[in-house]
Amino acid sequence: MEGDKYRGHLAGEAEINTEWRHGAPPSYELVNELFEQERTKDWPKGSLEEIVQNAIKTWEMEVSHKTRLEDFKSINLDKFTFSVNGRKPFSAKETLEIGSYNVLLGSSLPDDMLAYKSRDETFESSHDVFRSAFPRGFAWEVMAVYSGPPVITFKFRHWGHMEGSFKGHAPTGQVVEMFGVAIVKVDDTLRAEDIEIFYDPGELLSGLIKGPKVAATETTASTSASTHTGLSCPVLRH
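Residues numbered from 1 in each chain as written. Predicted model: local features only at pLDDT ≥ 70, side-chain atom pairs only at ≥ 80, totals over all residues. Heavy atoms only, no water.

**Q** I tried to follow the overall build of the chain on my own but got confused; where do I start?
**A** Summing up its helical and strand segments, the chain has seven helices and six strands in all. Per-residue burial over the chain gives 48% buried out of 238 residues. Only carbon and sulfur atoms are counted for the fraction: they give 54% of the accessible area of the chain, which is about 11,100 Å². (Helix = DSSP H or I, 4+ residues; strand = E, 2+ residues; numbered from the N terminus. Buried < 20%, exposed > 50% of the residue type's maximum accessible area, 1.4 Å probe, protein only. Areas by Shrake-Rupley, 256 points an atom, 1.4 Å probe, with all protein chains shown as cover.)

**Q** What is the right way to read the pattern of salt bridges from this model?
**A** For side chains bearing opposite charge, pairing can occur when the charged atoms are close. Evaluated as defined, the whole model comprises 20 salt bridges. Here R68 makes a salt bridge to E70, at a shortest N to O gap of 3.9 Å. Residue K93 pairs with E97 through a salt bridge whose shortest N-O separation is 2.6 Å. Of this pair, K93 and E97 both sit in helix 3 (residues 92-98), four residues apart, roughly one helical turn. Several salt bridges share partner residues, and in doing so they unite E15, E62, K66 and K73 into one network. (Salt bridge = Lys/Arg side-chain N within 4 Å of Asp/Glu carboxyl O.)

**Q** Just to check I follow, could you spell out the sheet that holds strand 5 (residues 175-186) for this structure?
**A** Adjacent strands of a sheet form backbone hydrogen bonds with each other and so pair up, either parallel or antiparallel. Spatially, 2-1-6-5-4-3 is the arrangement adopted by the six strands of the open sheet, whose pairing is mixed. Among the strands making up the open sheet, the edge pair consists of strand 2 (90-91) and strand 3 (139-147). Where strand 3 meets strand 4 (residues 151-161), seven bridges bridge the pair, whose relative direction is antiparallel. Residue S147 lies in a different strand from strand 4, and its bridge partner there is T153. (Pairing = 2+ DSSP bridges.)

**Q** So what exactly am I meant to see when it comes to helix 6 (residues 201-208) here?
**A** The periodicity of an α-helix, 3.6 residues per turn, causes residues three or four positions apart to be oriented the same way. Taken as a whole, helix 6 has its buried residues at L204, L205, G207 and L208. The buried residues of helix 6 occupy an angular sector of 160 degrees when the element is viewed end-on, so they sit on one face. On its buried face, helix 6 sits against helix 5 (123-133) and strand 5. Capping the start of helix 6, D200 holds a side-chain oxygen 2.9 Å from the backbone nitrogen of G202, two or three residues further along. (Arc of directions from axis to C-beta. Contact = heavy atoms within 4.5 Å. Polar contact = N/O pair within 3.5 Å; in protein donor to acceptor, adjacent residues only side chain to side chain.)

**Q** Mind showing me how you'd approach the pairing of strand 1 (residues 81-84) here?
**A** Look at any regular strand and the pattern is simple: side chains alternate between the two faces of the sheet. Of the pairings in the sheet, the one linking strand 1 to strand 2 comprises two bridges and is antiparallel in character. Within the sheet, the bridge partner assigned to T81 lies in strand 2 and is S91. The antiparallel hairpin formed by strand 1 and strand 2 contains five residues in its connecting segment, where N85 sits at a positive phi of about 55 degrees. Where strand 1 and strand 6 (residues 192-199) come together, four bridges link them in parallel fashion. Of the residues in strand 6, the one forming a bridge with F82 is I195.

**Q** I would appreciate a short explanation of helix 2 (residues 48-65) in the present structure.
**A** For helix 2, built from 18 residues, the straight-helix expectation of 26 Å at 1.5 Å per residue is met to within 8% by its first-to-last C-alpha distance of 26 Å. Taking burial as the measure, the 18 residues of helix 2 include 14 buried ones, the bulk of the element. (Expected span 1.5 Å × (residues − 1).)

**Q** What's the story with the nonpolar core in this structure? I'm lost.
**A** One finds F82, F130, F154, F166 and L208 to be the most contacted residues of the largest nonpolar core, which totals 42 residues. With five residues, the top contributor of residues to this core is strand 5. Core analysis: the next-biggest nonpolar cluster, separate from the first, contains 10 residues, L10, V31, L34 and A139 among them. (Core = buried A, V, L, I, M, F, W, Y, C linked by side-chain atoms within 4.5 Å.)

Listed below in structure tokens is the structure:
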């Protein structure tokens, strides 16, 4: 398999013994097409913005599709933590176990106030939910970089077309997007040691629950169809 132009550590001799979640390296063809068509920034090759953008895409790919931490090459396993909005940081092992969606959407609010209940989701179910909602993927881009290594601060945009159902809500066909800021500490080989993300989950979830509620059988059929298309997962397919 050929590599991906936006993600490293996906192909080549160094990945011969990598254990992939779905038995083989993922394909990012669809979400790359969406990214190229709708990105707002086209960073020069070799620029700090492009390096940061591709590094985060690589980390996302590894946490979504590699099942063993020893196969990760984008992070410093001994130091890595991942936190969102100042909440409890998760280790590399914890992030791999519960999945990045459930870290991103964790909340201490009561269940009746939540559109997405991360504590009820597994790694697999969380990815199925967003794969169903965004059949073409959940694209991601760097909007601006405010500081370089070893502490990289940047603004990002994350978007997709809601062409599938989400938690019983019918697809709207509209673009759902969110913006955030990240602070990433890296070592001298640019492996991430700590990732902090700050964003408003309501910005994402409000767009996903706009559609009317649909029958459970329709939702199940939509999820089943998207799960069996063989598409790689979007935070997720960036």
